[in-house]
Amino acid sequence: MRLRRPQIAASAVVWLVLGAIYFLVPLIATLLFSLRDAQTGKCCSLSAYGVILHDPQFWTTIKISFRLALETIAIGLLLFVPTIYWVHLKLPRLRPVVGFLALVPFVVPPIILVVGLLKFYKDTLHAPFWFLGKPDLFLVGAYVILAFPYIYFSLDAGFRSIDVHTLTEASRNLGASWRTTLTRVILPNIRVAALSGAFLTLAIVMGEFTIASLSAFHTFPTYLQYVNESQAYPAAAATLMSFGITWAAMLSILLVGRRGGQRTVRVGIGR
Amino acid sequence: MPFFAYAAMFLILPAATVMIGAFKSTDGGYTFDNIRAIVEAPNIRDAFWESIRISLTTAFLGALFGLLIAYAAIRKGTPNWIRSAYGTFSGVAANFGGIPLAFAFIATLGTIGVVTQLIQDVFGVNIYQHGFAIWSRRGVELVYLYFQIPLMILVIAPAIDGLRAEWSEASSNLGASRWQYWRHIGMPVLMPSILGAAILLFGNSFAAYATAYSLTSGTGLPLVPILIGNDLAGNVLNNPHEGQALALGMFVVLAAMMLFYIPLQRRASRWAK
């Protein structure tokens, strides 16, 4: 006799359907809205997408944001991988300190951080314009901090799942330098953790509005807000594209995680 | 270590500037006037109250619905694909905040939104004539739940997973009802995780700026982050240290929240596998 599969509970169906409605309706509505014709307001026309794709500002800002994301990822990994490696290997006493620092960005969210950064660099240090006016320095500087908790928790889990001491000793005993040990032995073992941290950072930077807008930079999210205020239907098209970027980044995390045998979904702060 | 130098330059020193700046007067001396000003000014008190109210509401509702949906997706009998679909989607939606989220809801329930017009066509009711507005408190709460519920699902799912099947079997073998199981076993085990997650949700909503800014266009609903933003953008500049005092006020609320969060987190990990 074959065992019957357990039936899905009725109350579960109710909650799952209600959840699906709440989550899907705004997406479907945005899609329908983006297909409205600019003149008549009726369905269906792709002109809103044409407006966005032909806007040079769209391409400029999306390139800037993407470049900032790559820079944030590069600096973040360069800064955090050796630090977390060293803390795990030699200074386990410092782990709570780094862990505490990783919680600080939750108590100092972007809206507070931007006040502090502007006051500190503009009014206290009187930093020169080549620093304050350059997104690659000022904004990336702040974004590395925003990304820090997510890269940290990702990497910390990665380092805990491998035997750092044995790997390091084996590599050092075989005559490898510290640099070779880090890049050829440790890095391949925490690749999944580093990649999920990187994709999450991509999603965060591509959506970060608060700091960029209040320190007067033009990035993809500030462009989105500008379109929202000026052109309704193209704004819906741009919104869906932005959603697509977040999807792509999150699905990439799942894909690298699945190949690496881990399932991790983490949360960012793109608000 | 370069890491600590970096954290000092871009996190600790700027944060310290805010804390110190909040106690500085315009002529450079130290004073409590800025703090007194934000405690006494009715519009700022209102903003803090409004922010806390929205955060409490969306933390409570987000925790409640997130818990119910997560449990429905995880419990025995629900097909696996539904569970993984919800897991993946929550990962995306919890990160889908800010400007795009605000516009998605404007396209849905704004004055010419798709659902607004649908309701008008089908029921002949204009919701904007019946007190609803997407830039009102109710509207902002509805939008915030779009990232609060998924965040709750992500945070609480491992805790629900940690409820062992043996506990429920043992209790039913001993003659306990479903209700008794939840009352004496399930809920006490889950409670620290639920409260911890709710605190996280509160902070998440309290600190949100972009979504509210985009929905309310910087005016209308007064929230603390919006006031700080206006202050920085130079829209209201009566005292240059007011922004820092407001930021300090936010920091105090969030730090108090962390003080509750950390012990709860420790409690919650007690039953982890």
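Cut-offs applied
- Residues numbered from 1 in each chain as written.
- Chains lettered and ligands numbered in written order.
- Predicted model: local features only at pLDDT ≥ 70, side-chain atom pairs only at ≥ 80, totals over all residues.
- Helix = DSSP H or I, 4+ residues; strand = E, 2+ residues; numbered from the N terminus.
- Buried ≥ 20, exposed ≤ 12 C-beta atoms within 10 Å, placed from the backbone.
- Core = buried A, V, L, I, M, F, W, Y, C linked by C-beta atoms within 7 Å.
- Contact = placed C-beta atoms within 7 Å.
- pLDDT = per-residue confidence, 0-100.
- Nonpolar A, V, L, I, M, F, W, Y, C, P; charged D, E, K, R; others polar.
- Expected span 1.5 Å × (residues − 1).
- Arc of directions from axis to C-beta.
- Axes fitted to C-alpha atoms, helices over the stretch in contact; angles between N-to-C directions.
- Parallel < 35°, antiparallel > 145°, perpendicular 65-115°, else oblique.

With respect to the overall build of chain B
Turning to step 1, where the next piece is worked out: Along the backbone of chain B there are 12 helices and 0 strands.
Turning to step 2, where the next piece is worked out: Going from the N terminus to the C terminus, chain B shows its helices and strands as α-α-α-α-α-α-α-α-α-α-α-α.
Turning to step 3, where the next piece is worked out: Along the longest, intermediate and shortest principal axes, the C-alpha atoms of chain B span 75 × 60 × 35 Å.

Details of the overall build of chain A
Turning to step 1, where the next piece is worked out: Helix and strand counts for chain A come out as 13 helices and 0 strands.
Turning to step 2, where the next piece is worked out: Taken from the N to the C terminus, the helices and strands of chain A come in the order α-α-α-α-α-α-α-α-α-α-α-α-α.
Turning to step 3, where the next piece is worked out: Seen through its C-alpha atoms, chain A measures out along the principal axes to roughly 80 × 75 × 30 Å.
Turning to step 4, where the next piece is worked out: Relative to its 271 residues, chain A shows a buried fraction of 47%.

Let's talk about the nonpolar core
Turning to step 1, where the next piece is worked out: The biggest cluster of nonpolar side chains holds 163 residues, and the ones touching the most others in it are A:Ala142, A:Leu155, B:Met152 and B:Ile156.
Turning to step 2, where the next piece is worked out: Once you skip the residues sitting within four places of it in the chain, B:Met152 turns out to touch B:Gly62, B:Ala63, B:Gly66, B:Leu67, B:Ala197 and B:Leu201.

Digging into the confidence of the model for chain A
Turning to step 1, where the next piece is worked out: On average, residues of chain A score 85 in pLDDT, and 93% of them reach the 70 mark or higher.
Turning to step 2, where the next piece is worked out: For the stretch residues 261-271 of chain A, pLDDT sits under 50, and the model shows 41 contacts to residues farther than four places along the chain or on other chains.

Topic: the interface of chain A and chain B
Turning to step 1, where the next piece is worked out: Opposite the 65 residues of chain A that make contact, chain B presents 68 residues.
Turning to step 2, where the next piece is worked out: Class assignment for the residues of the side of chain A that touches chain B results in 47 nonpolar, 16 polar and 2 charged.

Side note on the environment of A:Tyr22
Turning to step 1, where the next piece is worked out: Secondary-structure assignment places A:Tyr22 in helix α1 (residues 10-34).
Turning to step 2, where the next piece is worked out: Sequence separation between A:Tyr22 and A:Thr183 is 161 residues; the distance between their C-alpha atoms is 46 Å.

A few points about helix α4 (residues 95-107) of chain A
Turning to step 1, where the next piece is worked out: With 13 residues, α4(A) extends 19 Å between its outermost C-alpha atoms, agreeing within 8% with the 18 Å of an ideal straight helix rising 1.5 Å per residue.
Turning to step 2, where the next piece is worked out: Every buried residue belonging to α4(A) is among A:Val98, A:Leu101 and A:Pro105, and all of these are buried. When α4(A) is viewed along its axis, its buried side chains cluster within an angular range of 50° and face the same direction. Away from its buried face by more than 90 degrees, α4(A) exposes A:Pro96 and A:Phe100.
Turning to step 3, where the next piece is worked out: In this structure, the buried side of α4(A) is in contact with α3 (56-89) and α7 (135-160) of chain A together with α1 (2-21) of chain B.

Quick word on the confidence of the model for chain B
All names here are of chain B.
Turning to step 1, where the next piece is worked out: Mean pLDDT over chain B: 86, with 96% of residues reaching 70 or higher.
Turning to step 2, where the next piece is worked out: Across chain B, the element-wise mean pLDDT spans from 78 in helix α2 (residues 33-40) up to 92 in helix α3 (residues 42-74).
Turning to step 3, where the next piece is worked out: In the predicted assembly, ipTM is 0.86 and pTM is 0.88.

Regarding the environment of A:Lys42
Residues and elements named next belong to chain A.
Turning to step 1, where the next piece is worked out: Along the chain, lysine 42 falls in the loop between α1 and α2 (47-53).
Turning to step 2, where the next piece is worked out: What makes lysine 42 exposed here is the crowd of 9 C-beta atoms within 10 Å.
Turning to step 3, where the next piece is worked out: Along the chain, lysine 42 and leucine 202 lie 160 residues apart, while their C-alpha atoms are 36 Å from each other.
Turning to step 4, where the next piece is worked out: With residues up to four places along the chain from it excluded, the contact list for lysine 42 reads Arg36 and Asp37.

Quick notes on the packing of helix α5 (residues 110-124) of chain A against α1(B)
Turning to step 1, where the next piece is worked out: Between α5(A) and α1(B), the shortest axis-to-axis distance is 7 Å and the interhelical angle comes to 85°. It follows from the interaxial angle that α5(A) and α1(B) lie roughly perpendicular. Residues A:Ile112, A:Leu113, A:Val115, A:Gly116, A:Leu117, A:Lys119, A:Phe120 and A:Thr124 of α5(A) touch α1(B), and the partners they reach there are B:Leu13, B:Pro14, B:Ala15, B:Thr17, B:Val18 and B:Gly21.
Turning to step 2, where the next piece is worked out: The residue inventory of the contact of α5(A) with α1(B), partitioned by class, reads 9 nonpolar, 4 polar and 1 charged.

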